[in-house]
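For reference, the chains in residue letters:
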Amino acid sequence: MRRSHHGLTLNELNERWERSSLYDGREIIRKTWYSHREQIASQLGIIIECDKRTNRYYIAYEDTIGRPDIQNWLLNSFAVGNMLMQGKDLKGRISYERIPSGYDYLTDIIEAMRENRIISISYQSYWKDEPSEFELMPYALKVFKQRWYLVGANVAFEGIRIYGLDRIKNIEITQQKFKMPKSFDVEELFEPYYGVSLVDGEVEKVRIKVYDNQAKYFRSLKLHESQEEIKTTPEYSIFEYHIKPTFEFEQELLSHGESVEVLEPAYLRERIKKRLEWSLEHYK
């Protein structure tokens with residue numbers, strides 16, 4: 001269990017409540033606050049506890065729906081969304097990035113996951129002209145670059161497959177149940193990767209040289225949890241990763257243009273070089 005910060009007393013909560021756009025002129029009394037805490041725990045899976053020594057309330061993470069980062073995401077999404085909905089005075093001052101569709105099927109997928117039921121899917125791949133129909137054992141959900149992906153075992157094939165929710169045309173929850181592998185953990189599954197591709201091979205050491213101020217971007221937002229800055233100079237920094245290079249990883253490196261140079265492994269350096277040469281051919 002871990003505290004998110006030092007917490008707030010009930011008086012401090014009331015001070016913030018009075019500054020809220022939802023404030024109705026009534027303060028939060030201890031009995032009402034107790035009821036609110038129960039509702040937050042029930043609906044969001046976020047446990048608010050009280051430090052009896054200081055009478056300060058804090059968020060305690062418990063392994064209910066997953067990990068602290070998921071609960072943080074839920075809480076932040078709810079808080080920011082609520083503020084934006086109330087922020088009518090901010091009209092024309094906030095711009096949103098368009099997110100592909102796929103939310104329509106989230107509730108069905110989560111329901112199937114909770115009950116370990118096989119789902120029937122109509123799926124439009126980018127590489128086929130017509131949708132495919134198949135049955136899937138839904139294991140997990142993953143978000144990458146603001147897109148939702150379904151991780152599961154296709155009934156007709158061996159191994160785990162990844163499907164983008166924005167390419168799903170229809171879902172039906174069947175009455176068939178499946179046995180969820182006890183050892184499965186979606187975080188562990190994607191730990192060696194950047195993105196949503198699963199590739200064969202061993203974890204490799206990848207080193208890149210990042211020039212000028214672009215290194216600050218890499219420091220503030222790691223590409224992968226294994227990232228380490230092993231050399232720093234005024235002109236460049238060298239970052240090291242222990243990863244299975246994927247197509248998404250290559251795309252990310254290429255997106256930084258002349259600011260990033262792949263040092264090793266040699267085959268990845270050559271592949272990035274070739275792709276840059278092919279790109280230049282389009283401009284001739």
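Residues numbered from 1 in each chain as written. Predicted model: local features only at pLDDT ≥ 70, side-chain atom pairs only at ≥ 80, totals over all residues. Heavy atoms only, no water.

Colleague: How would you sum up the side chain of R275? Please name residues and give values.
Modeller: Note on placement: R275 falls in helix α8 (residues 266-281). Judged by relative accessible area, R275 falls into the buried class, the value being 18%. A polar contact is formed between the side chain of R275 and the side chain of E250, at a distance of 2.8 Å. Dropping the residues within four chain positions of it, R275 is found in contact with F247, E250, Q251 and L254. (Helix = DSSP H or I, 4+ residues; strand = E, 2+ residues; numbered from the N terminus. Buried < 20%, exposed > 50% of the residue type's maximum accessible area, 1.4 Å probe, protein only. Polar contact = N/O pair within 3.5 Å; in protein donor to acceptor, adjacent residues only side chain to side chain. Contact = heavy atoms within 4.5 Å.)

Colleague: Kindly report on the side chain of N14, identifying the contributing residues and their values.
Modeller: Position of N14 among the secondary structure elements: in helix α1 (residues 10-19). The buried category is assigned to N14, whose relative accessible area is 7%. Contact partners of N14, with chain neighbours within four places excluded, come to E27 and I28.

Colleague: Give me the sheet that holds strand β8 (residues 204-211): which residues, what numbers.
Modeller: Pairing in this open sheet of four strands is antiparallel, and the strands run β9-β10-β8-β11 from one edge to the other. The open sheet terminates on both sides in strands that have one partner only, identified here as β9 (228-232) and β11 (260-264). Averaged over all pairs of adjacent strands, the angle between their axes in this sheet comes to 25°, without regard to strand direction. Relative to β11, β8 runs antiparallel, the two being bridged by four bridges. If you follow R207 over to β11, its bridge partner there is E264. Sheet strands in contact with α8 are β8 and β11, and its direction is about 145° off that of β11. (Pairing = 2+ DSSP bridges. Axes fitted to C-alpha atoms, helices over the stretch in contact; angles between N-to-C directions.)

Colleague: Which residues make up α8, and what are the values?
Modeller: If you check α8, its first and last C-alpha atoms are 23 Å apart, about what 16 residues at 1.5 Å a residue would give, namely 22 Å. Taken together, the buried positions of α8 are occupied by L268, I272 and R275. Within α8, the buried residues cover an arc of 60° as seen down the axis, which keeps them to one side. Seen from the buried face of α8, the exposed residues on the opposite side, beyond 90 degrees, are A266 and L280. Against the buried residues of α8 lie β8, α7 (247-255) and β11. (Expected span 1.5 Å × (residues − 1). Arc of directions from axis to C-beta.)

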